[in-house]
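Descriptive structure summary
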Amino acid sequence: MSQVELRHITKHFPTVTALRDVSFSIHHGEFFVLLGPTGAGKTTTLRIIAGLEQQDEGSVLLDGEPIDSRTPAERDVAFVFQQYSLYPTMTVYDNLAFPLRSPLRNMPKPQIKSRVEDTAEKLRITHLLKRKTAQLSGGEMQRVAIGRAIVREPRLFLMDEPLSNLDAKLRETLRVELKHLQKTQGSTTLFVTHDQIEALTMADRIAVLIEGEAIQQGTPDDIYDRPATTFVAQMVGTPRINLVSAGLHNGTVAIEGSGLSLPAPRLNLSESFLLGIRPEDIRPDPKGRFTGKVILTEPLGVETILHLRSGELTLLSLVPGMASQRVGDEVRFDIVQEKLHYFGPDKKRITAEGN
Amino acid sequence: MATIELNKIEKKFGEFHAVKPLDLTVRDGEFVVLLGPSGCGKTTTLRMISGLEAVTSGRILLNGKDVTWKHPSERDMAFVFQFYALYTHLSVWQNIAFPLQAQGEKREVIDRRVSEVVEILRIGHLLRARPGKLSGGDQQRVALARALVRRPAAFLMDEPLGALDAELRETMRAEIKNLHIAQHATTVYVTHDQIEAVAMGDRIVVMSKAEVQQVGTPVEVYYDPANLFVARFIGSPGMNLLDGRLTEDQVHLLGKNRYAVPAAWKRSLPEALGGRDEVVLGFRPEAARMDPGGALAGEVFATDMHGGYSLLHVNVGENEIVHIRSDRQTSYPIGTPVRFDIDAEMVRFFNPQTEAAVSREVAR
């Protein structure tokens with residue numbers, strides 16, 4: 001049985017439909033990411049699960065039971081926000097202890113102490129327990145905010161872009177720590193982000209939400225390797241996927257605006273369609289079938305982006321290390337045939353029949 | 001055409017040292033990036049070059065002429081800001097034509113030059129629109145066109161992509177670089193984004209705490225960072241840096257890990273450490289390879305997928321996490337004991353007292 005289930009959730013606001021028939025389930029111990037651009041309905045989804053917002057249609061189930069009529073407090077979910085919302089005049093210890101001191105819990109002091117200390121240990125903030133939260137750095141504050149959610153041992157964590165206010169280096173560190181913590185705790189987590197790297201790196205499964213609709217659900221591998229639409233294909237992966245118009249001519253796939261042609265796949269392709277090629281699948285190779293001119297190089301350190309001009313077309317190629325190619329060089333390259341993505345005129349992925 | 005020389009330029013705001021004396025020569029046609037975290041002094045440096053900020057001491061030369069005390073408008077440099085600073089009540093055409101009109105250029109000249117830059121930036125279809133109606137990317141293209149139309153000796157850009165979303169940043173990054181390749185105008189570009197810096201810069205000036213940490217090509221700052229700050233700051237994730245102690249030819253790391261000093265370093269390393277035994281071992285995530293017979297051991301802390309590759313995060317003792325780049329094929333559960341090796345060519349050493357890198361030149 002899945003722990004959280006959304007069934008056909010629809011939510012209208014006066015001027016806009018925020019969610020349209022959204023369904024997904026989150027399994028026990030799963031790290032589930034809701035990925036989508038601003039305004040996709042991600043935060044509204046979280047608020048409906050937490051009970052802060054009421055849906056117009058559909059139902060939310062926790063451990064198989066509908067919870068639609070329960071108050072937020074009765075749902076036993078913990079929320080972590082982008083803004084830390086800590087009590088600035090209290091110490092870190094008191095911030096962590098706060099949810100446990102609620103009269104409803106009636107928790108004995110020694111138990112509170114051991115829970116707070118355990119949590120601080122896990123988040124590596126033991127040395128900060130006596131400090132006031134106003135004196136902490138952004139990364140430390142977010143650790144405390146996560147700690148305050150964990151200490152309650154709720155049934156479900158809801159996290160709304162908790163890393164997006166932090167600088168790039170800190171985000172990298174906390175991403176890894178949060179994932180480690182979630183996996184070792186086995187806590188069920190629903191994490192909302194617009195950042196595709198956060199989604200790919202942290203999720204067990206991802207649901208892609210666009211304009212209130214769940215377009216695709218799957219593991220990071222599914223989303224990256226088999227994107228359901230051109231939008232999803234372009235949303236995940238940096239640099240962005242090459243998306244080019246192509247057509248079938250005499251049994252080969254001809255890419256428009258270039259002389260490039262490839263063997264046709266065993267797919268039911270219409271006369272014209274879109275071809276997606278990930279930059280790492282365009283590989284410079286002295287024996288490659290194709291040629292292009294290097295018009296720009298972007299060395300990123302660990303790898304280099306080459307902009308290759310072929311006819312009217314510019315393709316991005318991602319190569320390991322600091323590439324030796326220079327602007328103006330003519331290079332031969334090859335395309336990894338098995339990794340191509342085909343999309344129909346409706347922008348949806350074309351798959352082999354029966355798939 | 002411009003060469004910009006900065007001779008010990010310095011900025012103090014009262015007691016606060018915003019930029020410590022800084023020397024730099026930007027060569028004609030060069031794209032130089034000032035890179036650093038917020039508050040490092042990079043924007044103040046750019047504003048001193050432009051004349052928007054007066055230097056506390058030092059000299060600024062443009063093509064050999066002292067412009068230190070010249071008004072910004074007399075320096076022949078165009079400034080592009082993060083926020084586009086367009087006139088919202090004027091059309092795109094009027095915005096671009098504005099600097100030429102202000103100079104009192106003839107109508108034919110204005111028409112011709114505006115058409116040229118509009119073509120270069122592919123914004124011909126937007127000329128009648130008001131800037132407020134445009135996307136962030138198009139607004140920045142208009143701002144670039146307005147800078148370009150003046151044909152200044154140099155361009156100064158202050159985080160011009162900072163307000164754009166990630167996708168657009170990627171596109172505009174390539175567009176600005178293409179523009180630079182086509183125009184070959186001397187450019188000083190400020191950013192806090194290390195990816196932008198290495199992707200765009202001919203040379204990069206890495207700054208921290210009001211001081212230059214390193215000036216170098218992308219290859220130099222990436223492979224041979226001058227100190228611990230640069231090693232951490234460049235790369236995502238940055239260089240792995242492990243504290244150790246040198247005894248004989250071994251670096252003793254946390255836990256039971258020992259790393260044998262590569263032959264090339266054996267003589268130079270003890271000298272560079274000045275008789276002390278503390279040392280920092282550095283290597284990039286792609287320099288490590290999983291290998292059951294590898295010299296270093298740890299256990300898997302987390303793994304994650306980044307699209308084309310995976311990162312393996314390995315706890316090598318006391319929660320010291322090492323990042324290793326690997327292919328996507330293999331997955332390791334958390335807690336799995338693993339061994340790995342480091343490519344000896346890619347190993348770097350740092351002196352923790354001075355934070356400086358031990359020179360590879362010495363090593364050879």
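Residues numbered from 1 in each chain as written. Chains lettered and ligands numbered in written order. Predicted model: local features only at pLDDT ≥ 70, side-chain atom pairs only at ≥ 80, totals over all residues.

**Quick look at the packing of helix H2 (residues 92–102) of chain B against helix H3 (residues 107–121) of chain B**
Helix packing geometry: the angle between the two helix axes and the distance between the axes. Residue and element names in this part refer to chain B. Packing of H2 against H3 brings their axes to within 10 Å, and their N-to-C directions diverge by 130°. Taken together, the axes of H2 and H3 are oblique relative to one another. Judged by the twist between their axes, the crossing of H2 over H3 is right-handed. Contacts between H2 and H3 pair Trp93, Ile96, Ala97, Leu100 and Gln101 from the former with Ile110, Arg113, Val114, Val117 and Val118 from the latter. The class makeup of the residues in the contact of H2 with H3 is 8 nonpolar, 1 polar and 1 charged. (Axes fitted to C-alpha atoms, helices over the stretch in contact; angles between N-to-C directions. Helix = DSSP H or I, 4+ residues; strand = E, 2+ residues; numbered from the N terminus. Parallel < 35°, antiparallel > 145°, perpendicular 65-115°, else oblique. Left-handed = near helix turned anticlockwise from the far one by under 90°. Contact = placed C-beta atoms within 7 Å. Nonpolar A, V, L, I, M, F, W, Y, C, P; charged D, E, K, R; others polar.)

**Topic: the environment of A:Leu174**
All names here are of chain A. Along the chain, Leu174 falls in helix H6 (residues 168–185). In this structure, the C-alpha to C-alpha distance between Leu174 and Leu306, residues 132 residues apart in sequence, is 31 Å. With residues near it in sequence (within four places) discarded, Leu174 still touches Gly139, Gln142, Leu163 and Leu166.

**Quick notes on the domain arrangement of chain B**
Residues and elements named next belong to chain B. Looking at the assigned domains, one finds that chain B contains domain 1 (4–229) and domain 2 (238–363). A separation of 38 Å is found between the C-alpha centroids of domain 1 and domain 2. The interface of domain 1 with domain 2 comprises 6 residues on the first partner and 8 residues on the second. Classifying every residue of the side of domain 1 that touches domain 2 by side-chain character gives 4 nonpolar, 1 polar and 1 charged. (Domains from an automatic or database assignment.)

**Describing the nonpolar core**
Counting 186 residues, the largest nonpolar core has A:Val33, A:Leu190, B:Ile96 and B:Ala145 as its most contacted members. If sequence neighbours within four positions are ignored, B:Ile96 has contacts with B:Val114, B:Val117, B:Val118, B:Val142, B:Ala145, B:Arg146 and B:Val149. (Core = buried A, V, L, I, M, F, W, Y, C linked by C-beta atoms within 7 Å. Buried ≥ 20, exposed ≤ 12 C-beta atoms within 10 Å, placed from the backbone.)

**With respect to the sheet that holds strand S7 (residues 154–158) of chain B**
Residue and element names in this part refer to chain B. Taken in spatial order, the 6 strands make up an open sheet running S6-S7-S8-S3-S9-S10, and their pairing is mixed. Strands with a single pairing partner mark the edges of an open sheet, and in this sheet they are strand S6 (77–80) and strand S10 (211–216). Ignoring strand direction, the axes of neighbouring strands in this sheet form an average angle of 15°. (Pairing = 2+ DSSP bridges.)

**Some thoughts on the domain arrangement of chain A**
All names here are of chain A. Structurally, chain A comprises domain 1 (4–235) and domain 2 (242–343). A C-alpha centroid distance of 39 Å is found between domain 1 and domain 2. On the domain 2 side, the residues contacting the 4 residues of domain 1 number 5 residues. Looking at the side of domain 1 that touches domain 2, its residues break down into 2 nonpolar, 2 polar and no charged.

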